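Here are the chains, one letter per residue:
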Amino acid sequence: MEERWSTEHVLSLAPDAASRKAAGKLSSPAPWSGTGTDGAALWGECRGSGRTPYRTVIELATPAYQCSCPSRKFPCKHALGLLLLWSGAPEAVPAGEPADWAAEWLRARRERAEKRAAPPADPEAARRRAERRGARVAAGAAELRLRLADRIRHGLADQSTAGPWEEVAARMVDAQAPGLATRIRELDSLPEERLLAEYAMLHLLATAATRIDELPPELAATVRARVGYTLDAAEVLTGPTVRDRWLVLGSRDTADERLTTRRVWLRGAKTGRPALLLAFGRPGQAPDLALPTGHLLEAELAYHPGSRPLRAALGTRYGAPEPGPAAPPAGLTVAEAVAGYGTAVADDPWLDSWPTVLAGVVPVRAPDGWHLTDGHHTVPVRTSAVPEAALWRLVAVSTGRPLTVFGEYGHQGFAPVTAWSAEHRPVGLSSS
């Protein structure tokens, strides 16, 4: 019998609170018929207000969903309700072969996945495309260096010739360097005291982008990633993989008008290696990946290449997430965290932050902002990344006593994601 997901796991997939509430009403057997599972998928028909029931099918590994209802949210309430039914009442979702309509959708998904994983039909054409893009990126980076030098020549205080950076960002998009474009767009919103430092980092990145072929392989891979080259998960998974029991340290969602991005941080129980998984969802759609904080997942990961590998692709899973250890994860002092980030930056100069577990720290609100202190050293909290309500939740978890906190530490401070209370229960700090 396959392992069922927890209710927490299922509800973490919901795109909003309304979907979670509606799904709860569909988590009993009453509205469902023709339900079943083959261990890899679920399917069933849910009675609605019309004469024809809604057909819902879920592929569990990704997960992915299909429903005949008109909802524009993914997963819809019917998919969430079916998952909750399967999780809470296994006998209501018996083992069997997929219904014809479910089997057809599952087959089409497999065929699309195989097509995406197939090698390019014309390797020589792919090589020529890569060369053309490399030339465009190098030309765009050279132009950016000139623009930055021009701004410095006139002085940061002289705004008479300094127009908005959006036009330069658009030029980088045309040069197929979206990573440069993203960093450039941020310049218009930076305070003046930070501009010179960001100009310097952009100039360094643009210089490296014009000399990628001269760099060591690991650093060249880092520069490509920063410039905006991407690798498909299937391509990353063709390389070496690391199998471990990965502790889920925490997750955070960020959203804009185009995309919801979910960041999930892991730590290998045997290797001790940190890893970052990214998942994306369109507006109104929760990202597919959902791993409960504090649980262990035995799986293979493949790291994206780079001088300081962190982002990874999730490969083969060996079972469902299981409850993790009772004790909080091992952590660092504030001084050790600062030194660790310094080591990481030595490998990747453009690294804004590094995943860090702090042990024995107390949250403090001071006149100059929030801090975490271990009694010897203090680190500021990056409040722009954490809702005020979440910081007060951190205080409530601590009640003045030292606790373990996971987050991202960087030159702008520490952004907490998860805290472990005195009872060792992980508390998420990612939302208000």
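Here goes a summary of the coordinates provided. Owing to the predicted nature of the structure, the values given are computational and were not obtained by experimental measurement.

Considering the pairing of strand β12 (residues 369–373)
The element β12 is largely enclosed, with a buried count of 4 among its 5 residues. Summarising the sheet, strand β11 (residues 353–366) and β12 pair through 5 bridges and their orientation is antiparallel. Residue pairing in the sheet places Arg 365 in a bridge with Trp 370 of β12. In this sheet, strand β13 (residues 378–380) lies alongside β12 in antiparallel orientation, the contact comprising 3 bridges. Pairing of Thr 373 across the sheet is with Thr 378, part of β13. Hairpin connection between β12 and β13: a loop of 4 residues separates the two successive antiparallel strands, and Gly 375 in this loop has a positive phi of roughly 95°.

Focus on the side chain of Thr 35
Its location among the elements puts Thr 35 in strand β1 (residues 32–37). One polar contact links the side chain of Thr 35 to the main-chain carbonyl oxygen of Ala 92, over a distance of 2.6 Å. In this view, Thr 35 contacts Trp 43, Gly 44, Leu 82, Leu 85, Ala 92, Val 93 and Pro 94; residues no more than four positions away in its chain are not counted.

Quick notes on the sheet that holds strand β16 (residues 426–428)
If you trace the 6 strands from one edge of the open sheet to the other, you get β13-β12-β11-β14-β15-β16, paired in antiparallel fashion. Pairing within the sheet leaves two strands with one partner each, and these edge strands are β13 and β16. Averaged over all pairs of adjacent strands, the angle between strand axes in this sheet comes to 50°, irrespective of strand direction. The pairing of strand β14 (residues 403–410) with strand β15 (residues 413–420) spans 7 bridges and is antiparallel. When the bridges of β15 are listed, Val 405 appears paired with Ala 419.

Observations regarding the packing of helix α8 (residues 192–209) against helix α9 (residues 217–227)
At a minimum axis distance of 10 Å, the contact between α8 and α9 shows a crossing angle of 115°. Between α8 and α9 the crossing geometry is left-handed. Taking contact as the criterion, the partners of Leu 205, Ala 208 and Ala 209 in α8 are, on α9, Val 223, Arg 226 and Val 227. Split into classes, the residues belonging to the contact of α8 with α9 amount to 5 nonpolar, no polar and 1 charged.

Some thoughts on the packing of helix α5 (residues 123–154) against α8
Two numbers describe how α5 lies on α8: the axes approach to 8 Å, and their chain directions differ by 150°. Judged by the inter-axis angle, α5 sits roughly antiparallel to α8. For the pair α5 and α8, the crossing hand works out as left-handed. Residue-level contacts link Val 137, Ala 138, Ala 141, Leu 144, Arg 145, Leu 148, Arg 151 and Ile 152 of α5 to Leu 196, Tyr 199, Leu 202, His 203, Ala 206, Thr 207 and Ala 209 of α8. Grouping the constituent residues of the contact of α5 with α8 by class yields 11 nonpolar, 2 polar and 2 charged.

Remarks on the packing of aromatic side chains
Centre-to-centre distance and the angle between the planes together describe a pair of aromatic rings. Applying the stated criterion across every chain yields a total of 5 aromatic pairs. With centroids separated by 5.7 Å and ring planes inclined at 75°, the aromatic side chains of Trp 5 and Trp 86 adopt a geometry described as edge-to-face. On the criterion of sequence distance, the pair formed by Trp 5 in the segment before α1 (7–11) and Trp 86 in helix α3 (residues 77–88) is long-range, its members being 81 residues apart. With relative accessibility at 1%, the residue Trp 86 sits in the buried group.

Examining the sheet that holds strand β3 (residues 54–59)
Spatially, 4 strands are ordered β1-β2-β3-β4 in an open sheet, and the strand pairing comes out antiparallel. Only two strands of the sheet have a single partner each, and these edge strands are β1 and β4 (64–67). Within the sheet, the average angular offset between the axes of one strand and its neighbour, ignoring direction, is 10°. Sheet analysis places strand β2 (residues 41–46) next to β3, joined by 6 bridges and oriented antiparallel. Within β3, the residue paired with Leu 42 across the bridge is Ile 58.

How each quantity is defined
One numbering rule holds for all chains: residues counted from 1, following each sequence as written. Where local features are concerned, this predicted model is filtered to residues with pLDDT of at least 70; where side-chain atom pairs are given and counted, the filter is 80 or more; whole-chain, interface and lining totals use all residues. Side-chain measures were taken over the full set of non-hydrogen atoms in the model, leaving aside hydrogen atoms and water. When accessible area is computed with a 1.4 Å probe and restricted to protein chains, residues below 20% of their type maximum are described as buried, those above 50% as exposed, and intermediate ones as partly exposed. Each helix is a run of DSSP H or I of at least 4 residues and each strand a run of E of at least 2, with the numbering of both proceeding from the N terminus. Pairs of strands are assigned from DSSP output, requiring at least two bridges between the strands. In protein, a polar contact means a hydrogen-donor-capable atom and an acceptor-capable atom, both N or O and within 3.5 Å, with residues adjacent in sequence counting only if both atoms are side-chain atoms; elsewhere, any N or O pair within 3.5 Å suffices. Contacts are assigned to residue pairs that have any heavy atoms within 4.5 Å of one another. Interaxial angles span 0 to 180 degrees and are taken between N-to-C directions of axes, which are lines fitted to C-alpha atoms, for helices over the stretch in contact. Helix crossings fall into two classes, left-handed where the near helix is turned counterclockwise from the far one by less than a right angle and right-handed where it is turned clockwise. Under the grouping applied here, Gly and all other residues not named as nonpolar or charged are polar, the nonpolar ones being Ala, Val, Leu, Ile, Met, Phe, Trp, Tyr, Cys and Pro and the charged ones Asp, Glu, Lys and Arg. Under this scheme an angle from 65 to 115 degrees is roughly perpendicular, one under 35 degrees roughly parallel, and one over 145 degrees roughly antiparallel; angles in between are oblique. Aromatic rings from Phe, Tyr and Trp, taking only the six-membered ring of Trp, are treated as a pair when their centres fall within 6.5 Å; an angle between ring planes under 30 degrees marks them as stacked, one over 60 as edge-to-face, and anything in between as tilted.

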